[in-house]
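# Descriptive analysis of the structure
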Amino acid sequence: MDVRVKVNIQGVVQGVGFRPFVYRLANELGLTGWVVNSAQGVWIEAEGSEGTLRHFLKRLESDKPPHAFIQTLSTEFVPANGYTTFEIRHSDSEGEKTALILPDLATCPDCLRELFDPDDRRYLYPFTNCTHCGPRFSIIEALPYDRPNTTMKHFDMCPDCRAEYENPADRRFHAQPNACPECGPRLELWDKSGNVLAEKQAALLMAVNAIRDGQVVAIKGLGGFHLVVDARNENAVRVLRERKHRPSKPLALMYPTLAHIQFDCEVSELEEKLLTASEAPIVLLRNKEAGQIAPSVAPRNHYLGVMLPYTPLHHILMRELNFPIVATSGNLSDEPICIDEHEALDRLSEVAEVFLVHNRPIHRHVDDSIERVMSGQKQILRRARGYAPLPILLEKSLPVILGVGAHLKNTVAVSSRNQVFISQHIGDLETVQSFNAFQQVIRDFQSLYELQPQAVACDMHPDYLSTQFARAIPLPVISVQHHYAHVLGCMAEHGLTGTTLGISWDGTGYGMDGTVWGGEFLRITEKSFERVAYLRLFGLPGGDKAIKEPRRSALGLLHEMYGDALFDREELAPVKAFTPQERSILRSMLAKGINTPRTSSAGRLFDAVAAILGVCQHVSFEGEAAVELEFAAAKAQTSVSYEFSITGSVLDWQPMVEGILADLQRQESIEVISARFHNTLVEMMINITQQIGETTVVLSGGCFQNKYLSERAVQRLQEANFHPYWHHRIPPNDGGIALGQIIAASKEL
Ligand code: ZN
Ligand code: ZN
Ligand code: FE
């Protein structure tokens with residue numbers, strides 16, 4: 001006797017070919033009924049013998065399409081209805097929105113084959129995609145995920161495309177962005193005034209020639225514009241840096257193939273996996289000495305940020321060029337990435353010579369994600385394309401809370417039941433444009449999921465724009481200490497609960513005692529936290545200016561040791577780095593504590609040591625000095641460390657700095673001193689961890705992007721029988737703060 005089963009599936013089940021899969025499976029098993037997409041996921045009703053239905057349910061899980069992800073599958077058996085066929089019904093947009101939105105996916109092998117097959121109707125068509133690949137998050141305007149709710153609604157499918165779209169046996173069945181040269185988006189090449197220079201493949205070939213000639217080309221991609229130059233052309237790279245106002249921060253590269261990457265970089269098995277995954281992120285790879293990349297791409301850096309082509313447009317472009325290009329975000333420093341071609345003309349006309357654009361609108365910006373391998377695991381440093389807006393799953397349900405993040409590398413997040421949706425990377429909230437983008441992303445998230453937050457969680461820093469934004473919302477506001485949020489974020493991604501020691505080291509975070517925190521050891525308890533240890537304080541003459549001038553941190557640190565006498569020690573690099581007039585101003589600032597906030601920041605300690613070693617006195621981006629020390633340390637082979645002392649809960653670096661100065665005098669190499677410095681910091685962590693006695697130790701904060709520091713800390717903690725956890729799926733930097741804020745706020749609600 002026939003029965004009917006009602007099935008509801010939640011998870012990543014829309015835009016991945018799930019309904020055609022269900023249709024084919026039902027037909028194969030001779031079942032009748034229907035399948036439909038709704039805002040709550042996929043609903044199925046199937047009729048047949050109970051045994052066949054149970055087999056059907058098993059295969060729903062085991063045979064699902066490659067990018068599908070089943071979060072929950074609920075079933076209910078009821079009497080049969082007498083269905084005669086199995087059909088795919090029209091989507092239903094009513095009700096609460098809980099379906100997961102899929103991120104943009106790199107071109108799949110099948111589409112790639114068609115793209116370069118001269119006999120295929122999509123030969124060299126830059127907008128080829130199918131249910132296994134192509135744009136998703138960047139083109140979705142509303143749920144459910146159907147063509148009229150995407151920016152593809154502007155394109156009417158031709159009969160051939162429609163036939164694919166309607167054929168359940170086709171790879172493009174209900175592929176919402178389905179298109180071909182007849183009916184889909186097309187390329188144009190524009191000059192700075194928006195005049196059309198060429199169309200379609202001719203536009204692409206003209207852009208290729210411009211890149212070969214050393215020009216800067218703005219290219220509209222998947223989640224925004226890239227600025228592109230020949231990565232081997234030193235002059236072109238320099239011009240790009242000048243125009244973009246980006247003096248030294250490394251630029252990302254796109255390579256034609258994995259083999260090309262292997263020519264310039266060391267690529268491990270895991271790194272190869274990351275590069276070729278459907279997320280197709282930028283992966284930080286160790287570069288080879290004999291590489292072909294222009295020095296200005298990543299000055300004094302031992303790593304290159306490298307990705308492979310991830311859209312058909314990029315594949316065609318890279319095959320034509322056959323050499324690596326710089327592919328950096330299409331923006332001016334500190335601004336969000338540009339997504340609209342008319343806006344690009346406006347904002348990038350001083351940067352790019354020509355614009356390779358297309359007419360498929362990008363609904364929201366999605367930057368390239370960045371990853372690196374840390375202690376044998378993938379670590380995300382910037383979470384955007386390929387990941388956003390997939391949620392982090394929690395063990396238990398939370399109320400709806402909005403987390404607005406901090407200030408730098410901002411992301412926002414919203415919780416809904418046991419999921420926390422984390423936004424794509426927004427950036428530093430330094431400019432009007434990025435603050436606008438921040439507000440836009442919050443509106444976007446709330447309207448996509450139709451979530452009504454009960455509370456807002458923000459940083460404790462009263463001056464952050466994100467904090468001010470939170471305070472202006474007529475909802476309860478919960479302010480969360482910055483380093484506590486860092487640790488809770490890392491605990492949440494690992495599903496850790498219970499008491500834990502959090503080592504939270506970064507550049508800056510608002511402290512609870514009027515000082516700037518950043519070298520913190522926090523014991524996390526059920527409801528709250530306790531600051532169990534921290535680095536000895538020193539002054540930052542000039543406050544925020546110290547972030548751009550490591551020499552200021554160095555003066556503050558040395559002033560703790562030598563007082564006024566510091567200024568007589570002209571042999572010290574950071575003293576020498578100031579003019580006599582500047583020194584006298586700094587002397588009185590330090591003596592009287594004027595505009596000299598006190599800090600326990602580990603990031604500023606790195607800056608101070610870099611300045612003392614003469615490695616750098618000025619930086620153009622936060623963390624630049626630490627990056628240089630990290631590279632120096634990696635070249636030395638030593639496990640020697642310096643002395644340090646602990647008084648109460650204060651970790652004193654003075655014996656270490658004395659050791660460094662003695663080594664300097666002895667003309668010990670910067671590499672060895674830097675390695676000893678890193679080793680000392682790790683021994684400090686071990687020492688405190690042993691004193692506190694918690695087995696679970698969480699490492700979070702921007703300092704743990706430092707591979708030498710992080711990997712050594714993990715290794716030493718494991719040797720000492722502790723269980724260290726470090727970030728894998730959300731960034732250790734402030735990109736992971738919003739998640740931690742939500743967890744902290746949920747404990748108070
Ligand atoms: Zn495909
Ligand atoms: Zn077509
Ligand atoms: Fe931080």
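Computed from a predicted structure; not experimentally measured. (Residues numbered from 1 in each chain as written. Chains lettered and ligands numbered in written order. Predicted model: local features only at pLDDT ≥ 70, side-chain atom pairs only at ≥ 80, totals over all residues. Heavy atoms only, no water.)

### A closer look at the coordination of the iron ion (ligand 3)
The protein atoms that coordinate the iron ion (ligand 3) are H482 (NE2), H486 (NE2), D506 (OD) and D734 (OD), at distances spanning 2.1 to 2.2 Å. Coordination geometry of the iron ion (ligand 3): the four donor atoms subtend angles of 85 to 171° at the metal centre, consistent with an arrangement described as irregular. (Donors = N, O, S within 2.8 Å, 3.2 Å for Na, K, Ca; no water. Tetrahedral: all angles 85-135°; square planar, octahedral: opposite > 155°, others 65-115°.)

### Let's talk about the domain arrangement of the chain
The parts lose accessible area when they come together, and the size of an interface is often stated as this lost area. If you check the domain split of the chain, you get domain 1 (3–88), domain 2 (187–358), domain 3 (373–495 + 732–748) and domain 4 (533–725). A separation of 29 Å is found between the C-alpha centroids of domain 3 and domain 4. Contacts between the two partners involve 13 residues from domain 3, matched on the other side by 14 residues from domain 4. Between domain 3 and domain 4, a total of about 1000 Å² is buried, with carbon and sulfur atoms accounting for 62% of that surface. Together, M374, S375 and P732 form the three largest contributors to the area buried by domain 3 at its contact with domain 4, with a combined 41%. On inspection of domain 3 and its partner domain 4, the count reaches five residue pairs in polar contact (both at pLDDT 80 or more). When contributions to the side of domain 3 that touches domain 4 are tallied by element, the ones reaching two or more residues are β15 (370–374), β16 (377–382) and α13 (482–493). The dominant element in the side of domain 3 that touches domain 4, judged by the number of residues it contributes, is α13, at four residues. For the side of domain 3 that touches domain 4, a count of residues per class yields eight nonpolar, five polar and no charged. (Domains from an automatic or database assignment. Contact = heavy atoms within 4.5 Å. Buried area = accessible area lost by both parts, 1.4 Å probe. Polar contact = N/O pair within 3.5 Å; in protein donor to acceptor, adjacent residues only side chain to side chain. Helix = DSSP H or I, 4+ residues; strand = E, 2+ residues; numbered from the N terminus. Nonpolar A, V, L, I, M, F, W, Y, C, P; charged D, E, K, R; others polar.)

### Side note on the nonpolar core
Formed by 63 residues in total, the largest nonpolar core has its most connected members in W505 and F521. Among the nonpolar cores identified, the runner-up in size contains 57 residues, and A68, L102, L105 and C458 belong to it. (Core = buried A, V, L, I, M, F, W, Y, C linked by side-chain atoms within 4.5 Å. Buried < 20%, exposed > 50% of the residue type's maximum accessible area, 1.4 Å probe, protein only.)

### A short note on the packing of aromatic side chains
Applying the stated rule across the entire model yields 12 aromatic pairs. Plain terms: the ring middles of F445 and Y449 are 6.0 Å apart, the flat faces sit at 70° to each other, and that makes the pair edge-to-face. Residue F445 and its partner Y449 are located together in helix α11 (residues 432–449), separated by four residues, close to a single helical turn. An angle of 35° between the planes, with centres 6.5 Å apart, marks the rings of W505 and F704 as tilted. Within this pair, whereas W505 is found in strand β22 (residues 500–510), its partner F704 is found in the loop between β29 (696–700) and α22 (707–719), the two being separated by 199 residues in sequence. Residue classification places W505 among the buried positions, given a relative accessible area of 0%. Note on F704: relative accessible area 1%, which makes it buried. (Phe/Tyr/Trp six-rings, centres within 6.5 Å; stacked < 30°, edge-to-face > 60°.)

### Brief notes about the sheet that holds strand β2 (residues 32–38)
Taken together, the five strands give an open sheet; going across it, the order is β4-β1-β3-β2-β5, and neighbouring strands pair in mixed fashion. Of all strands in the sheet, those bounded by a partner on one side alone are β4 (69–79) and β5 (86–88). The sheet shows a mean angle of 15° between the axes of neighbouring strands, taken without regard to direction. Here seven bridges tie strand β1 (residues 3–12) to strand β3 (residues 41–48), and the two strands are oriented antiparallel to one another. Bridged to I9 within β3 is V42. The sheet contacts of helix α1 (residues 18–28) involve β1, β2, β3, β4 and β5, and relative to β5 the element is tilted by about 170°. (Pairing = 2+ DSSP bridges. Axes fitted to C-alpha atoms, helices over the stretch in contact; angles between N-to-C directions.)

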